[in-house]
Amino acid sequence: MSAYVALEARFRRASLIQEAASILHWDQAVMMPEGSAESRAEQIAALSLVGQEIVTAADMPDLLEMAQEEVLDAWQEANLREMRRQWVRQTALPSALIAARARADSACEIAWRSARSASDYAAVLPLLKEVVRLTREAGHAQAAVLDVSVYDALLDQFEPGGRVADIDPVFDDLADFLPDFVARVLDHQAACPPVPLEGPFPVPRQEALGRRFMATLGFNFDKGRLDVSHHPFSGGTPEDIRVTSRYDDADFLTGLLAVLHETGHAQYEAGLPAAWRHQPVGASRGMTLHESQSLLIEMQVCRSPAFVSWAAPLMAEAFGGEGPAWSADNLLSLMTRVARGLIRVDADEVTYPAHVILRYRIERAVLGGDVSLEDLPAAWNEGLADLLGIRPPDDRRGCLQDIHWYSGAWGYFPTYTLGAMAAAQLFSAAKAANTDIEAGIERGDFTPLFTWLRSNVHEHGSRFSTNELLTRATGRSLGSSAFKAHLKERYSSN
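Residues numbered from 1 in each chain as written. Predicted model: local features only at pLDDT ≥ 70, side-chain atom pairs only at ≥ 80, totals over all residues. Heavy atoms only, no water.

The next subject is the nonpolar core. Grouped together as the largest cluster of nonpolar side chains are 129 residues, with contacts concentrated most on Tyr121, Phe213, Phe252, Phe307, Met315, Trp326 and Tyr406. If near-sequence neighbours (up to four positions away) are discounted, methionine 315 is found in contact with Leu209, Phe213, Phe252, Leu253, Leu256, Trp326, Leu331 and Met335. (Core = buried A, V, L, I, M, F, W, Y, C linked by side-chain atoms within 4.5 Å. Buried < 20%, exposed > 50% of the residue type's maximum accessible area, 1.4 Å probe, protein only. Contact = heavy atoms within 4.5 Å.)

Shown next, in the form of C-alpha coordinates:
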(Lines give C-alpha, C1' and ligand atoms only; values in the text may rest on other atoms or scores of the structure.)
Protein backbone atom coordinates (compact mmCIF):
# COMPACT_ATOMS: atom_id res chain seq x y z
CA MET A 1 0.00 0.00 0.00
CA SER A 2 1.38 3.41 -0.96
CA ALA A 3 1.76 6.07 1.72
CA TYR A 4 -0.88 8.21 0.03
CA VAL A 5 -3.44 5.38 -0.04
CA ALA A 6 -2.75 4.69 3.63
CA LEU A 7 -3.39 8.35 4.40
CA GLU A 8 -6.69 8.28 2.52
CA ALA A 9 -7.83 5.32 4.64
CA ARG A 10 -6.95 7.13 7.86
CA PHE A 11 -8.62 10.39 6.93
CA ARG A 12 -11.71 8.53 5.81
CA ARG A 13 -11.99 7.04 9.28
CA ALA A 14 -11.43 10.43 10.91
CA SER A 15 -14.15 11.92 8.70
CA LEU A 16 -16.64 9.26 9.75
CA ILE A 17 -15.86 9.96 13.42
CA GLN A 18 -16.46 13.66 12.81
CA GLU A 19 -19.77 12.91 11.11
CA ALA A 20 -20.92 10.87 14.10
CA ALA A 21 -20.09 13.82 16.35
CA SER A 22 -22.07 16.11 14.05
CA ILE A 23 -25.19 13.99 14.45
CA LEU A 24 -24.71 14.04 18.22
CA HIS A 25 -24.49 17.83 18.09
CA TRP A 26 -27.74 17.96 16.11
CA ASP A 27 -29.44 15.67 18.62
CA GLN A 28 -28.17 17.83 21.48
CA ALA A 29 -29.70 20.94 19.89
CA VAL A 30 -32.99 19.38 18.80
CA MET A 31 -34.00 16.36 20.87
CA MET A 32 -31.70 15.62 23.80
CA PRO A 33 -33.14 16.06 27.31
CA GLU A 34 -31.27 18.80 29.17
CA GLY A 35 -30.42 16.38 31.96
CA SER A 36 -28.33 14.36 29.52
CA ALA A 37 -25.91 17.22 28.83
CA GLU A 38 -23.05 15.86 30.94
CA SER A 39 -23.03 12.43 29.33
CA ARG A 40 -23.33 13.99 25.86
CA ALA A 41 -20.32 16.19 26.57
CA GLU A 42 -18.32 13.08 27.45
CA GLN A 43 -19.43 11.33 24.26
CA ILE A 44 -18.43 14.25 22.06
CA ALA A 45 -15.13 14.64 23.91
CA ALA A 46 -14.36 10.95 23.36
CA LEU A 47 -15.07 11.19 19.64
CA SER A 48 -12.91 14.33 19.40
CA LEU A 49 -10.03 12.45 20.96
CA VAL A 50 -10.43 9.45 18.66
CA GLY A 51 -10.40 11.77 15.65
CA GLN A 52 -7.28 13.51 16.88
CA GLU A 53 -5.49 10.23 17.58
CA ILE A 54 -6.07 9.12 14.00
CA VAL A 55 -4.74 12.34 12.48
CA THR A 56 -1.76 12.72 14.85
CA ALA A 57 -0.49 9.12 14.92
CA ALA A 58 3.28 8.82 15.42
CA ASP A 59 3.95 7.71 11.84
CA MET A 60 1.97 10.54 10.22
CA PRO A 61 5.01 12.77 9.48
CA ASP A 62 6.70 9.91 7.64
CA LEU A 63 3.55 9.06 5.68
CA LEU A 64 3.06 12.69 4.67
CA GLU A 65 6.65 12.97 3.50
CA MET A 66 6.58 9.68 1.58
CA ALA A 67 3.27 10.58 -0.07
CA GLN A 68 4.83 13.85 -1.22
CA GLU A 69 7.29 11.82 -3.31
CA GLU A 70 4.61 9.78 -5.06
CA VAL A 71 3.11 10.58 -8.46
CA LEU A 72 -0.26 12.17 -7.71
CA ASP A 73 -2.89 13.85 -9.83
CA ALA A 74 -4.13 17.39 -9.15
CA TRP A 75 -6.95 16.28 -6.83
CA GLN A 76 -4.65 13.98 -4.87
CA GLU A 77 -2.06 16.73 -4.49
CA ALA A 78 -4.74 19.08 -3.17
CA ASN A 79 -5.96 16.35 -0.83
CA LEU A 80 -2.45 15.80 0.50
CA ARG A 81 -2.12 19.55 1.10
CA GLU A 82 -5.36 19.56 3.11
CA MET A 83 -4.26 16.46 5.04
CA ARG A 84 -1.07 18.23 6.04
CA ARG A 85 -3.05 21.30 7.06
CA GLN A 86 -5.25 19.21 9.37
CA TRP A 87 -2.24 17.40 10.79
CA VAL A 88 -0.44 20.67 11.61
CA ARG A 89 -3.47 22.09 13.41
CA GLN A 90 -4.26 18.88 15.31
CA THR A 91 -0.71 18.22 16.48
CA ALA A 92 -0.59 21.69 18.02
CA LEU A 93 -3.28 20.75 20.55
CA PRO A 94 -2.74 18.39 23.49
CA SER A 95 -5.36 15.66 23.81
CA ALA A 96 -6.37 16.91 27.23
CA LEU A 97 -7.11 20.36 25.81
CA ILE A 98 -9.29 18.93 23.02
CA ALA A 99 -11.32 16.92 25.52
CA ALA A 100 -11.61 19.85 27.94
CA ARG A 101 -12.83 22.17 25.17
CA ALA A 102 -15.45 19.68 24.01
CA ARG A 103 -16.79 19.34 27.56
CA ALA A 104 -16.72 23.07 28.27
CA ASP A 105 -18.37 24.02 24.96
CA SER A 106 -21.15 21.49 25.43
CA ALA A 107 -21.85 22.52 29.03
CA CYS A 108 -21.87 26.22 28.20
CA GLU A 109 -24.15 25.76 25.19
CA ILE A 110 -26.73 23.95 27.33
CA ALA A 111 -26.55 26.66 30.02
CA TRP A 112 -26.87 29.37 27.35
CA ARG A 113 -30.32 28.11 26.37
CA SER A 114 -31.90 28.84 29.73
CA ALA A 115 -29.77 31.95 30.28
CA ARG A 116 -30.94 33.38 26.96
CA SER A 117 -34.60 32.66 27.74
CA ALA A 118 -34.26 34.35 31.14
CA SER A 119 -31.99 37.14 29.86
CA ASP A 120 -29.56 36.12 32.62
CA TYR A 121 -26.00 36.65 31.40
CA ALA A 122 -24.62 36.20 34.92
CA ALA A 123 -25.93 32.61 34.97
CA VAL A 124 -23.79 31.55 32.02
CA LEU A 125 -20.77 33.79 32.71
CA PRO A 126 -18.71 31.26 34.74
CA LEU A 127 -19.06 28.64 32.01
CA LEU A 128 -18.30 31.19 29.30
CA LYS A 129 -15.12 32.14 31.15
CA GLU A 130 -13.97 28.54 30.95
CA VAL A 131 -14.80 28.36 27.24
CA VAL A 132 -12.78 31.52 26.56
CA ARG A 133 -9.87 30.37 28.72
CA LEU A 134 -9.59 27.12 26.78
CA THR A 135 -10.18 28.88 23.46
CA ARG A 136 -7.28 31.24 24.20
CA GLU A 137 -5.08 28.29 25.14
CA ALA A 138 -5.91 26.51 21.87
CA GLY A 139 -5.42 29.74 19.94
CA HIS A 140 -1.96 30.31 21.41
CA ALA A 141 -0.94 26.72 20.66
CA GLN A 142 -2.06 26.90 17.03
CA ALA A 143 -0.74 30.43 16.53
CA ALA A 144 2.73 29.17 17.45
CA VAL A 145 2.78 26.50 14.74
CA LEU A 146 1.05 28.66 12.12
CA ASP A 147 3.18 31.73 12.93
CA VAL A 148 0.13 34.00 13.12
CA SER A 149 -1.74 35.94 15.82
CA VAL A 150 -4.06 34.15 18.23
CA TYR A 151 -7.16 35.58 16.53
CA ASP A 152 -5.85 34.63 13.08
CA ALA A 153 -5.27 31.08 14.34
CA LEU A 154 -8.89 30.86 15.54
CA LEU A 155 -10.21 32.44 12.35
CA ASP A 156 -8.14 30.00 10.29
CA GLN A 157 -10.13 27.03 11.61
CA PHE A 158 -13.29 28.50 10.04
CA GLU A 159 -11.74 30.28 7.05
CA PRO A 160 -8.47 28.66 5.96
CA GLY A 161 -5.96 31.38 5.27
CA GLY A 162 -8.24 34.11 6.64
CA ARG A 163 -6.35 36.97 8.26
CA VAL A 164 -7.26 40.10 10.21
CA ALA A 165 -5.00 42.14 7.92
CA ASP A 166 -7.29 41.29 4.99
CA ILE A 167 -10.57 41.69 6.87
CA ASP A 168 -9.99 45.00 8.64
CA PRO A 169 -9.79 47.21 5.52
CA VAL A 170 -12.95 45.69 4.06
CA PHE A 171 -14.91 45.91 7.31
CA ASP A 172 -13.70 49.46 7.95
CA ASP A 173 -14.86 50.40 4.45
CA LEU A 174 -18.31 48.90 5.12
CA ALA A 175 -18.50 50.56 8.55
CA ASP A 176 -17.88 53.91 6.84
CA PHE A 177 -20.34 53.19 4.02
CA LEU A 178 -23.27 51.79 5.98
CA PRO A 179 -24.45 54.59 8.34
CA ASP A 180 -25.21 57.15 5.63
CA PHE A 181 -26.53 54.50 3.26
CA VAL A 182 -28.85 53.05 5.92
CA ALA A 183 -30.14 56.54 6.70
CA ARG A 184 -30.87 57.24 3.02
CA VAL A 185 -32.66 53.91 2.56
CA LEU A 186 -34.77 54.47 5.69
CA ASP A 187 -35.77 57.94 4.46
CA HIS A 188 -36.64 56.53 1.05
CA GLN A 189 -38.68 53.62 2.43
CA ALA A 190 -40.53 55.82 4.93
CA ALA A 191 -42.41 57.39 2.02
CA CYS A 192 -43.93 54.06 0.95
CA PRO A 193 -44.53 51.75 3.94
CA PRO A 194 -45.82 48.25 3.14
CA VAL A 195 -49.16 46.89 4.28
CA PRO A 196 -48.50 44.69 7.35
CA LEU A 197 -49.51 41.03 7.31
CA GLU A 198 -51.99 40.07 9.99
CA GLY A 199 -51.40 36.81 11.85
CA PRO A 200 -51.40 34.57 13.62
CA PHE A 201 -49.51 32.22 11.33
CA PRO A 202 -49.77 28.67 12.73
CA VAL A 203 -46.37 27.05 13.07
CA PRO A 204 -47.42 23.78 11.34
CA ARG A 205 -48.34 25.80 8.26
CA GLN A 206 -45.02 27.65 8.42
CA GLU A 207 -43.18 24.34 8.56
CA ALA A 208 -45.18 22.96 5.64
CA LEU A 209 -44.42 26.04 3.54
CA GLY A 210 -40.73 25.82 4.43
CA ARG A 211 -40.62 22.18 3.36
CA ARG A 212 -42.37 23.03 0.10
CA PHE A 213 -39.79 25.69 -0.73
CA MET A 214 -36.92 23.43 0.34
CA ALA A 215 -38.13 20.73 -2.04
CA THR A 216 -38.41 23.24 -4.87
CA LEU A 217 -34.85 24.34 -4.20
CA GLY A 218 -33.78 20.71 -4.58
CA PHE A 219 -33.49 19.56 -0.96
CA ASN A 220 -33.74 15.76 -0.81
CA PHE A 221 -35.93 14.75 2.13
CA ASP A 222 -34.88 11.13 1.66
CA LYS A 223 -31.46 12.26 2.88
CA GLY A 224 -32.35 15.08 5.23
CA ARG A 225 -34.93 16.62 7.53
CA LEU A 226 -36.23 19.90 8.98
CA ASP A 227 -36.63 20.40 12.73
CA VAL A 228 -36.85 23.14 15.38
CA SER A 229 -33.98 24.40 17.57
CA HIS A 230 -33.11 27.42 19.68
CA HIS A 231 -30.87 28.73 16.90
CA PRO A 232 -31.29 27.85 13.19
CA PHE A 233 -28.49 25.73 11.74
CA SER A 234 -27.61 23.13 9.14
CA GLY A 235 -25.57 20.10 10.20
CA GLY A 236 -25.27 16.38 9.76
CA THR A 237 -23.54 14.93 6.71
CA PRO A 238 -23.94 15.28 2.92
CA GLU A 239 -26.02 12.08 2.93
CA ASP A 240 -27.93 12.97 6.11
CA ILE A 241 -28.44 16.73 6.25
CA ARG A 242 -30.11 18.15 9.35
CA VAL A 243 -31.70 21.59 8.95
CA THR A 244 -33.37 23.49 11.78
CA SER A 245 -35.27 26.76 12.14
CA ARG A 246 -37.31 28.56 14.78
CA TYR A 247 -40.74 30.14 14.32
CA ASP A 248 -42.82 33.10 15.45
CA ASP A 249 -46.57 32.75 14.99
CA ALA A 250 -46.83 36.54 14.60
CA ASP A 251 -44.30 36.72 11.73
CA PHE A 252 -43.87 33.82 9.32
CA LEU A 253 -41.20 35.54 7.21
CA THR A 254 -38.44 35.27 9.86
CA GLY A 255 -38.80 31.50 10.17
CA LEU A 256 -39.19 31.02 6.42
CA LEU A 257 -36.11 33.07 5.56
CA ALA A 258 -34.12 31.10 8.15
CA VAL A 259 -35.22 27.88 6.45
CA LEU A 260 -34.14 29.24 3.07
CA HIS A 261 -30.80 30.35 4.50
CA GLU A 262 -30.09 26.92 5.96
CA THR A 263 -31.21 25.25 2.73
CA GLY A 264 -28.45 27.16 0.96
CA HIS A 265 -25.96 25.59 3.39
CA ALA A 266 -27.55 22.18 2.87
CA GLN A 267 -27.39 22.36 -0.92
CA TYR A 268 -23.71 23.23 -0.77
CA GLU A 269 -23.04 20.15 1.36
CA ALA A 270 -25.14 17.96 -0.94
CA GLY A 271 -23.24 19.23 -3.98
CA LEU A 272 -19.72 18.52 -2.71
CA PRO A 273 -17.69 16.12 -4.91
CA ALA A 274 -18.97 12.59 -4.29
CA ALA A 275 -15.74 11.04 -5.53
CA TRP A 276 -13.88 12.70 -2.65
CA ARG A 277 -16.31 12.00 0.19
CA HIS A 278 -14.58 11.49 3.54
CA GLN A 279 -11.39 13.15 2.28
CA PRO A 280 -10.22 16.62 3.30
CA VAL A 281 -10.28 17.87 -0.28
CA GLY A 282 -13.91 16.80 -0.61
CA ALA A 283 -15.05 18.95 2.31
CA SER A 284 -16.45 22.47 2.07
CA ARG A 285 -13.91 25.25 1.52
CA GLY A 286 -14.35 27.14 4.78
CA MET A 287 -17.19 29.19 6.16
CA THR A 288 -16.86 32.20 3.85
CA LEU A 289 -17.96 30.04 0.93
CA HIS A 290 -20.46 28.17 3.11
CA GLU A 291 -22.08 31.44 4.18
CA SER A 292 -21.94 32.67 0.58
CA GLN A 293 -24.17 29.76 -0.40
CA SER A 294 -26.72 30.38 2.35
CA LEU A 295 -26.78 34.14 1.84
CA LEU A 296 -26.91 33.79 -1.93
CA ILE A 297 -30.16 31.87 -1.52
CA GLU A 298 -31.68 33.85 1.38
CA MET A 299 -30.60 37.36 0.42
CA GLN A 300 -29.67 37.49 -3.25
CA VAL A 301 -32.32 35.10 -4.60
CA CYS A 302 -35.22 34.90 -2.16
CA ARG A 303 -35.54 38.65 -1.64
CA SER A 304 -35.49 39.33 -5.38
CA PRO A 305 -38.53 40.40 -7.45
CA ALA A 306 -38.20 37.24 -9.54
CA PHE A 307 -38.48 34.92 -6.53
CA VAL A 308 -41.26 36.84 -4.78
CA SER A 309 -43.40 37.00 -7.92
CA TRP A 310 -43.33 33.17 -7.98
CA ALA A 311 -43.55 32.64 -4.21
CA ALA A 312 -46.26 35.17 -3.31
CA PRO A 313 -49.23 32.99 -4.38
CA LEU A 314 -47.79 30.03 -2.45
CA MET A 315 -47.38 32.15 0.69
CA ALA A 316 -50.96 33.42 0.41
CA GLU A 317 -52.24 29.90 -0.16
CA ALA A 318 -50.38 28.57 2.89
CA PHE A 319 -52.08 31.00 5.26
CA GLY A 320 -55.33 31.73 3.45
CA GLY A 321 -54.17 35.28 2.78
CA GLU A 322 -55.90 37.61 0.37
CA GLY A 323 -56.01 41.27 -0.47
CA PRO A 324 -53.30 43.90 -1.13
CA ALA A 325 -51.12 42.75 1.77
CA TRP A 326 -50.48 39.46 -0.04
CA SER A 327 -49.55 40.93 -3.41
CA ALA A 328 -46.06 40.22 -4.72
CA ASP A 329 -45.16 43.91 -4.58
CA ASN A 330 -46.18 44.23 -0.92
CA LEU A 331 -44.45 40.99 0.10
CA LEU A 332 -41.30 42.13 -1.69
CA SER A 333 -41.49 45.43 0.19
CA LEU A 334 -41.81 43.55 3.49
CA MET A 335 -38.93 41.22 2.67
CA THR A 336 -36.61 44.07 1.67
CA ARG A 337 -37.63 46.36 4.52
CA VAL A 338 -34.61 47.94 6.20
CA ALA A 339 -34.75 48.60 9.93
CA ARG A 340 -32.31 49.19 12.74
CA GLY A 341 -33.13 45.92 14.48
CA LEU A 342 -31.63 44.17 17.49
CA ILE A 343 -31.48 40.58 16.22
CA ARG A 344 -28.81 39.50 13.72
CA VAL A 345 -30.62 36.49 12.28
CA ASP A 346 -33.69 38.66 11.57
CA ALA A 347 -31.70 41.55 10.11
CA ASP A 348 -32.11 42.83 6.58
CA GLU A 349 -29.13 42.60 4.26
CA VAL A 350 -28.30 46.30 4.58
CA THR A 351 -27.89 46.37 8.35
CA TYR A 352 -26.67 42.76 8.66
CA PRO A 353 -22.98 43.63 8.17
CA ALA A 354 -23.15 46.03 11.12
CA HIS A 355 -24.22 43.14 13.36
CA VAL A 356 -21.26 41.08 12.16
CA ILE A 357 -18.74 43.91 12.48
CA LEU A 358 -19.91 44.44 16.07
CA ARG A 359 -19.30 40.80 16.98
CA TYR A 360 -15.98 40.71 15.15
CA ARG A 361 -14.69 43.73 17.04
CA ILE A 362 -15.90 42.44 20.40
CA GLU A 363 -14.49 38.95 20.09
CA ARG A 364 -11.10 40.33 19.08
CA ALA A 365 -11.19 42.70 22.08
CA VAL A 366 -12.20 39.91 24.48
CA LEU A 367 -9.56 37.48 23.23
CA GLY A 368 -6.97 40.26 23.29
CA GLY A 369 -7.81 41.14 26.88
CA ASP A 370 -9.09 44.62 26.07
CA VAL A 371 -12.68 43.80 27.14
CA SER A 372 -13.45 41.55 30.11
CA LEU A 373 -16.28 39.06 29.92
CA GLU A 374 -17.94 40.90 32.81
CA ASP A 375 -18.02 44.00 30.59
CA LEU A 376 -19.12 42.18 27.43
CA PRO A 377 -22.83 43.19 27.70
CA ALA A 378 -21.91 46.86 28.08
CA ALA A 379 -19.43 46.66 25.18
CA TRP A 380 -22.15 45.05 23.06
CA ASN A 381 -24.70 47.74 23.86
CA GLU A 382 -22.25 50.58 23.21
CA GLY A 383 -21.06 49.01 19.96
CA LEU A 384 -24.56 48.51 18.61
CA ALA A 385 -25.44 52.10 19.50
CA ASP A 386 -22.38 53.31 17.56
CA LEU A 387 -23.09 51.19 14.48
CA LEU A 388 -26.91 51.24 14.32
CA GLY A 389 -28.05 53.85 16.80
CA ILE A 390 -30.05 51.44 18.99
CA ARG A 391 -29.51 49.75 22.36
CA PRO A 392 -30.82 46.34 23.48
CA PRO A 393 -33.26 46.59 26.39
CA ASP A 394 -31.95 43.29 27.80
CA ASP A 395 -29.18 40.75 27.25
CA ARG A 396 -31.53 38.25 25.60
CA ARG A 397 -31.71 40.64 22.66
CA GLY A 398 -28.11 41.66 23.14
CA CYS A 399 -25.06 39.55 23.88
CA LEU A 400 -27.04 36.36 24.58
CA GLN A 401 -28.83 36.19 21.24
CA ASP A 402 -26.26 34.10 19.32
CA ILE A 403 -25.07 30.60 20.20
CA HIS A 404 -21.58 30.93 18.73
CA TRP A 405 -19.48 32.19 21.65
CA TYR A 406 -21.24 29.91 24.12
CA SER A 407 -20.55 26.84 21.97
CA GLY A 408 -16.88 27.75 21.47
CA ALA A 409 -17.05 29.24 17.96
CA TRP A 410 -14.73 32.21 18.46
CA GLY A 411 -13.43 33.52 15.12
CA TYR A 412 -16.51 32.47 13.13
CA PHE A 413 -18.44 35.74 12.88
CA PRO A 414 -16.49 37.59 10.15
CA THR A 415 -17.28 34.80 7.68
CA TYR A 416 -20.91 35.95 7.58
CA THR A 417 -20.13 39.28 5.94
CA LEU A 418 -17.26 37.84 3.92
CA GLY A 419 -19.86 35.34 2.74
CA ALA A 420 -22.32 38.11 1.86
CA MET A 421 -19.69 39.76 -0.32
CA ALA A 422 -18.84 36.45 -1.99
CA ALA A 423 -22.55 35.77 -2.55
CA ALA A 424 -22.96 39.07 -4.40
CA GLN A 425 -19.96 38.29 -6.62
CA LEU A 426 -21.12 34.77 -7.38
CA PHE A 427 -24.74 35.63 -8.13
CA SER A 428 -23.69 38.48 -10.40
CA ALA A 429 -21.32 36.16 -12.28
CA ALA A 430 -23.93 33.41 -12.49
CA LYS A 431 -26.54 35.73 -14.02
CA ALA A 432 -23.99 37.06 -16.51
CA ALA A 433 -23.04 33.52 -17.52
CA ASN A 434 -26.62 32.23 -17.91
CA THR A 435 -29.47 34.62 -18.69
CA ASP A 436 -32.01 31.90 -17.91
CA ILE A 437 -31.17 31.91 -14.20
CA GLU A 438 -33.45 34.84 -13.30
CA ALA A 439 -36.18 33.64 -15.65
CA GLY A 440 -35.96 30.22 -14.04
CA ILE A 441 -36.31 31.67 -10.54
CA GLU A 442 -39.40 33.58 -11.67
CA ARG A 443 -41.07 30.34 -12.73
CA GLY A 444 -39.88 28.38 -9.68
CA ASP A 445 -37.15 26.51 -11.56
CA PHE A 446 -33.83 26.68 -9.73
CA THR A 447 -32.06 24.15 -11.91
CA PRO A 448 -30.15 26.74 -13.99
CA LEU A 449 -28.86 28.43 -10.83
CA PHE A 450 -27.80 25.25 -9.06
CA THR A 451 -26.24 23.86 -12.23
CA TRP A 452 -23.96 26.89 -12.30
CA LEU A 453 -23.25 26.72 -8.57
CA ARG A 454 -22.49 23.00 -8.73
CA SER A 455 -19.93 23.38 -11.50
CA ASN A 456 -18.35 26.61 -10.25
CA VAL A 457 -18.46 26.20 -6.45
CA HIS A 458 -19.82 22.99 -4.94
CA GLU A 459 -18.01 20.36 -7.00
CA HIS A 460 -14.59 21.85 -6.26
CA GLY A 461 -14.78 21.07 -2.54
CA SER A 462 -11.52 22.27 -0.96
CA ARG A 463 -9.40 21.87 -4.06
CA PHE A 464 -8.84 25.64 -4.31
CA SER A 465 -8.49 28.41 -1.76
CA THR A 466 -11.47 30.74 -1.34
CA ASN A 467 -9.87 33.47 -3.43
CA GLU A 468 -8.71 31.02 -6.11
CA LEU A 469 -12.22 29.62 -6.43
CA LEU A 470 -13.81 33.09 -6.54
CA THR A 471 -11.32 34.24 -9.15
CA ARG A 472 -12.06 31.21 -11.31
CA ALA A 473 -15.82 31.70 -10.95
CA THR A 474 -16.13 35.48 -11.04
CA GLY A 475 -12.89 36.80 -12.52
CA ARG A 476 -11.71 38.51 -9.32
CA SER A 477 -10.79 37.78 -5.73
CA LEU A 478 -13.05 38.60 -2.81
CA GLY A 479 -13.93 42.27 -2.37
CA SER A 480 -16.79 44.54 -1.31
CA SER A 481 -17.50 46.24 -4.66
CA ALA A 482 -20.11 43.73 -5.93
CA PHE A 483 -21.86 43.71 -2.54
CA LYS A 484 -22.06 47.49 -2.34
CA ALA A 485 -23.24 47.69 -5.96
CA HIS A 486 -25.96 45.14 -5.18
CA LEU A 487 -27.17 47.11 -2.15
CA LYS A 488 -27.27 50.35 -4.14
CA GLU A 489 -29.17 48.74 -7.00
CA ARG A 490 -31.77 47.03 -4.81
CA TYR A 491 -32.27 49.62 -2.07
CA SER A 492 -31.77 52.95 -3.79
CA SER A 493 -34.83 52.32 -5.95
CA ASN A 494 -37.38 50.56 -3.72
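This part covers the packing of aromatic side chains. In this structure the tally under the stated criterion is 24 aromatic pairs. Taking the centre distance of 5.2 Å and the plane angle of 80° together, the rings of phenylalanine 201 and phenylalanine 319 count as edge-to-face. Placement of the pair is phenylalanine 201 in the loop between helix H8 (164-190) and helix H9 (203-216) and phenylalanine 319 in helix H12 (residues 305-319), with a sequence separation of 118 residues. In this structure phenylalanine 201 comes out as buried when scored by relative accessible area, which is 2%. The class of phenylalanine 319 is buried, set by a relative accessible area of 11%. Its end group placed over the ring of tryptophan 26, arginine 242 keeps NZ or CZ at 4.3 Å from the ring centre. Arginine 359 extends its terminal NZ or CZ atom over the ring of phenylalanine 413, reaching a point 5.7 Å from the ring centre. (Phe/Tyr/Trp six-rings, centres within 6.5 Å; stacked < 30°, edge-to-face > 60°. Helix = DSSP H or I, 4+ residues; strand = E, 2+ residues; numbered from the N terminus. Lys NZ or Arg CZ within 6 Å of the ring centre and 35° of its normal.)

Further remarks concern helix H15 (residues 376-388). For H15, built from 13 residues, the straight-helix expectation of 18 Å at 1.5 Å per residue is met to within 8% by its first-to-last C-alpha distance of 18 Å. Along H15, the positions that sit buried rather than exposed are Leu376, Pro377, Trp380, Asn381, Gly383, Leu384, Ala385, Leu387 and Leu388. Residues of H15 that are buried in the fold lie against helix H6 (121-146) and helix H14 (352-367). Just past H15, the residue glycine 389 takes up positive phi, approximately 75°. (Expected span 1.5 Å × (residues − 1).)

Along the chain, glycine 199 connects to proline 200 via a cis peptide bond; the corresponding omega equals 5°. Among the secondary structure elements, proline 200 is positioned in the loop between H8 and H9. Positive phi outside glycine occurs at aspartate 147, with the angle close to 60°. As for its position among the elements, aspartate 147 is in the loop between H6 and helix H7 (150-158). The backbone of histidine 278 sits at a positive phi, close to 70°, despite the residue not being glycine.

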